[in-house]
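# Close look at the chain arrangement
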Amino acid sequence: MGRMKCFHWLLFASVCAGFSTPALASELPARIETDAIAITNAALASNPKTLDRVYRKTLAEVRLLHETLVGKPFDERHAREVSQAFSWLQLVSINQKNGSMIGAAIAANQLSAEMIRFQHSGSKKSWDTHWLGYLGRELMLLTMEDANLNSELLASRMSDAVSTWQRLRLEIIKNFRDKPLVEEGDALFRRMGLGGTPDVLIRQGKDLAAFAEKLSAQLEG
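A brief look at the structure comes next. Fair warning: this is a prediction, and the values are worked out from it, not measured in the lab.

Here the focus is the overall build of the chain. Scanning the chain from N- to C-terminus turns up 10 helices and zero strands. Scanning the chain from its N terminus toward the C terminus, one meets helices and strands in the order α-α-α-α-α-α-α-α-α-α. Residue pairs in contact within the chain that sit at least 24 positions apart in sequence constitute 67% of those at least 6 positions apart. Carbon and sulfur atoms make up 58% of the accessible area of the chain, which totals about 12100 Å².

Attention now moves to helix H5 (residues 76-97). Here H5 is 22 residues long and its end C-alpha atoms lie 32 Å apart, about the 32 Å a rise of 1.5 Å per residue gives. The set of residues buried in H5 consists of His-78, Glu-81, Val-82, Ala-85, Trp-88, Leu-89, Val-92, Ser-93, Asn-95 and Gln-96. End-on view of H5: buried residues confined to an arc of 165°, all on one side of the axis. In H5, the exposed positions that point more than 90 degrees away from the buried face belong to Glu-76, Gln-90 and Lys-97. Capping the start of H5 is the job of one residue whose side-chain oxygen sits 3.1 Å from the backbone nitrogen of Arg-77: Asp-75. Just downstream of H5 lies Gly-99, where phi reads positive at about 80°.

This part is about the side chain of His-130. Assignment of secondary structure puts His-130 in helix H7 (residues 124-146). Within polar-contact distance, the side chain of His-130 engages the side chain of Glu-33 at 2.8 Å.

Another aspect to go through is helix H3 (residues 28-44). Compared with the 24 Å implied by 1.5 Å per residue over 17 residues, the 24 Å span of H3 between its first and last C-alpha is a close match. Phi turns positive, to about 50°, at Ser-46, one or two residues after H3.

Further remarks concern the pattern of salt bridges. Evaluation of the coordinates by the stated rule reveals 11 salt bridges. Lys-57 serves as the salt-bridge partner of Glu-61, at 2.8 Å between the closest nitrogen and oxygen. With Glu-61 and Lys-57 both in helix H4 (residues 48-69) and four residues apart, this pair spans about one turn of that helix. A relative accessible area of 4% places Glu-61 in the buried class. Two residues, Asp-186 and Arg-169, come together in a salt bridge whose shortest N-O distance is 2.7 Å. One end of the pair, Asp-186, is in helix H9 (residues 179-192); the other, Arg-169, is in helix H8 (residues 151-172), and 17 residues separate them in sequence. Look at the salt bridges and you will find they share partners, linking Asp-35, Lys-57 and Glu-61 into a network.

Definitions and limits used
Residues numbered from 1 in each chain as written. Predicted model: local features only at pLDDT ≥ 70, side-chain atom pairs only at ≥ 80, totals over all residues. Heavy atoms only, no water. Helix = DSSP H or I, 4+ residues; strand = E, 2+ residues; numbered from the N terminus. Contact = heavy atoms within 4.5 Å. Areas by Shrake-Rupley, 256 points an atom, 1.4 Å probe, with all protein chains shown as cover. Expected span 1.5 Å × (residues − 1). Buried < 20%, exposed > 50% of the residue type's maximum accessible area, 1.4 Å probe, protein only. Arc of directions from axis to C-beta. Polar contact = N/O pair within 3.5 Å; in protein donor to acceptor, adjacent residues only side chain to side chain. Salt bridge = Lys/Arg side-chain N within 4 Å of Asp/Glu carboxyl O.

In structure tokens, the structure reads:
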């Protein structure tokens, strides 16, 4: 038993050491963003087993991300974003224990936003693409929670989505080959501007998140 525990500890230590290399450490925010979206999806699917598994993985990754900041020149923005990441994960856990899967999903989506801020501040196109995905999920989740109670937040997120798309489309249209993406995005936002019932708003939020994922695959892939 003692040898087995020692083996597991050495294995964990070797994984941590691997993550500490510059190449892998730079991938951590993207991995955490992806896992945060997976937590959101698991919560919406009421799948506690998957949620627990991805939650533990994400917590370990956030701890490793924190470790990569130690010994480096102090970066207030990154320090704040990692601190907030721990807070959002705690809220995921609290909401799950209280039986509020929508609350857990909202907290996980906020974690994805922290990682978008962490990794994409230097690239406006990349930032806007990933931010649209966050906003799409946010519009969906806030509507699912309570469209009336969250009406001001929803209006703010919608305004943010419109302005984000307007910036992004100007970058995309520079490459004529990507004109169909601009036309698809414009059509999506025309539909979203018409409003509708909560069910319609939820579907539009899902559509925006899916469109952002498509943009990311084609523009960054």
